Each structure stands twice: as C-alpha cells, then as structure tokens.
Amino acid sequence: MRRTNTSPGTTPGGRQPRFPHFDVLAQAEHWDPVTAGVVLARLGPPPPIRFFTPDEEAIAGPLLDLLLDQHDEPKVPVLAMIDSRLSEASTDGWRYDDMPEDGQAWRVSLAALDEDAIDTYGAGFARCTDQARTTIIGTVAGLGDKPWHELPAGRVWSLWTRYACSAFYSHPWAWNEMGFSGPAYPRGYKNTGIDRREPWEVRDHTDVDPVADRPEVAR
C-alpha cells in the first residue's frame, strides 16, 4: 500500500512549502540501501570543520548564507558540507587553468573578501552588516571576466556558486522545497513528460514563479 503524507517535510528556513503534504523522506523505503544511507546521513549533525580556519569559517558562513538566501533556521549545513569536500580534496576533478586548486582558491578568495570589507567599511567581512556584505559580493559578481585580487572574478563567482548549489541541492530539505522525490533507483519513473506526475508526487500549489526577479538573475 502506498504511504500517504499528512504533513509537509522540512524546508530550508521553514518556508511555506510549494508542495503541500510532500516529504521526500516518505520515499526513502524505495531507495536502495546504500543510497538511502548516503542521503539520510545528510540529516545528522554536521561534521566538525576541518579545512577552514576559524577566521575563514567566519567569512565563508555569511557568504554562503547570502548566496543561498539562508537567513533563518533550519539551514542546510552548506558550510560543513563544503568543508568536508575540501578537507578530503573531493573536488569536481577539474579547474580553470587561470585559477588555483579549489581549496587554495577558496582560501585566497575569502581573504580577498575580508580585505575588501576592511578597505571599504573599516571592519572584516564577518563583522559587516548583511547589506555591506551584499554590496561587496555584488561587486565581485558584476566584474565578469575582469580581475579581482589577481583572480578572474567570474571564475571566483563560479567557484562559490558551484560549491554552494551542489551542497544545498543535495540535501533532502531542498528536495522538499522543490518537490523532488529523491533517487529514482531502483523504482524508476513511468509517467515521463511535462506535468505528468507519479502517484507519490504532489502538484505545486501555485503557478507563481519563485524567482520574482528572474530577468535580473538572467542578466
């Protein structure tokens, strides 16, 4: 008998779910044991920080929160997830030839953010307001291919967002937010096509695009 949810699953920041009564964890019994173990482990206490120094952690945390608009609990532990990858040198297996290795690129770019904060606001990035941090980060994003602290700004932006999004969207809370029912193996999907849902999937409760400023994002 198919299991039916009566309450929504956890979403980042406790935001109102777009998919009422959907909880991806209700599908865990349909995942293979190895996959289920990997996914469910992401719900446990985050591991201790091993790669970032305390000063780097104090910069990276606010940076990631702003990039992902995570301001309220519960938060996907993106910082700890990225730290684990870097401490184990589990990168994407490639890098741009005009960028350092990912771990070093993170260290250099975080130090550069702190330098910009001190030069502009007289305080380190960790001590700045969110508005000031947003301005600093926005400057990097707006430089495109121009250099920033002897690094190509666009490559730095790619580094930050690539790691942030990979961590965030690997977490079950993010899956609840977008109505994703998790790994398809071994059950698979039979109702493929636009607006064709499986019995366990839930229709979005609104047709409003969640990214209200999508033209700005596209630019």
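For the structure, see preceding data.
Reference entry: report on the structure contained in this document. All values derive from a computational prediction rather than experimental measurement. (Residues numbered from 1 in each chain as written. Predicted model: local features only at pLDDT ≥ 70, side-chain atom pairs only at ≥ 80, totals over all residues. Heavy atoms only, no water.)

1. Examining the layout of surface pockets
We count it as follows: Using a grid of 1 Å spacing that covers the protein atoms alone, one calls a set of points a cavity when a 1.4 Å probe fits there but cannot get out, and a pocket when the set is open and has protein on both sides within 12 Å along at least five of seven lines; lining residues are those with an atom within 4 Å of a point. Grid points are joined across faces, edges and corners, and a volume is the space filled by probe spheres set on the points. Elements are defined by DSSP. Helices are runs of H or I of four residues or more, strands are runs of E of two residues or more, and each kind is numbered from the N terminus. Residue polarity follows a fixed list, in which Ala, Val, Leu, Ile, Met, Phe, Trp, Tyr, Cys and Pro are nonpolar, Asp, Glu, Lys and Arg are charged, and the others, Gly among them, are polar.
Of the volumes computed, that of the second largest pocket is approximately 360 Å³. Taken together, 18 residues form the lining of the second largest pocket, with Arg42, Pro47, Ala80, Met81 and Ser84 sitting closest to its centre. Per-element accounting of the lining of the second largest pocket gives the leading share, four residues, to helix α3 (residues 78-87). Of the residues assigned to the lining of the second largest pocket, the class counts are ten nonpolar, five polar and three charged.

2. Digging into the pattern of salt bridges
The cut-off we apply is this: Here, a salt bridge means any side-chain nitrogen of Lys or Arg that lies within 4 Å of a carboxyl oxygen of Asp or Glu. Exposed residues in this analysis have more than 50% of their type's maximum accessible area, buried residues have under 20%, and partly exposed residues fall in between, with area computed by a 1.4 Å probe over protein chains only.
Here the structure, examined in full by the defined rule, presents 13 salt bridges. Glu56 is the salt-bridge partner of Arg107, the closest N and O atoms lying 2.5 Å from each other. Residue Arg107 is located in helix α4 (residues 102-121), and its partner Glu56 is located in helix α2 (residues 54-68); the two are separated by 51 residues in the primary sequence. Residues Asp130 and Arg133 are paired through a salt bridge, measuring 2.9 Å at the closest nitrogen-oxygen approach. Placement of the pair is Asp130 and Arg133 together in helix α5 (residues 130-143), with a separation of three residues, close to one helical turn. For Arg133, a relative accessible area of 11% gives the class buried. Through salt bridges that share partners, Arg85, Asp92, Asp102 and Arg162 make up one connected network.

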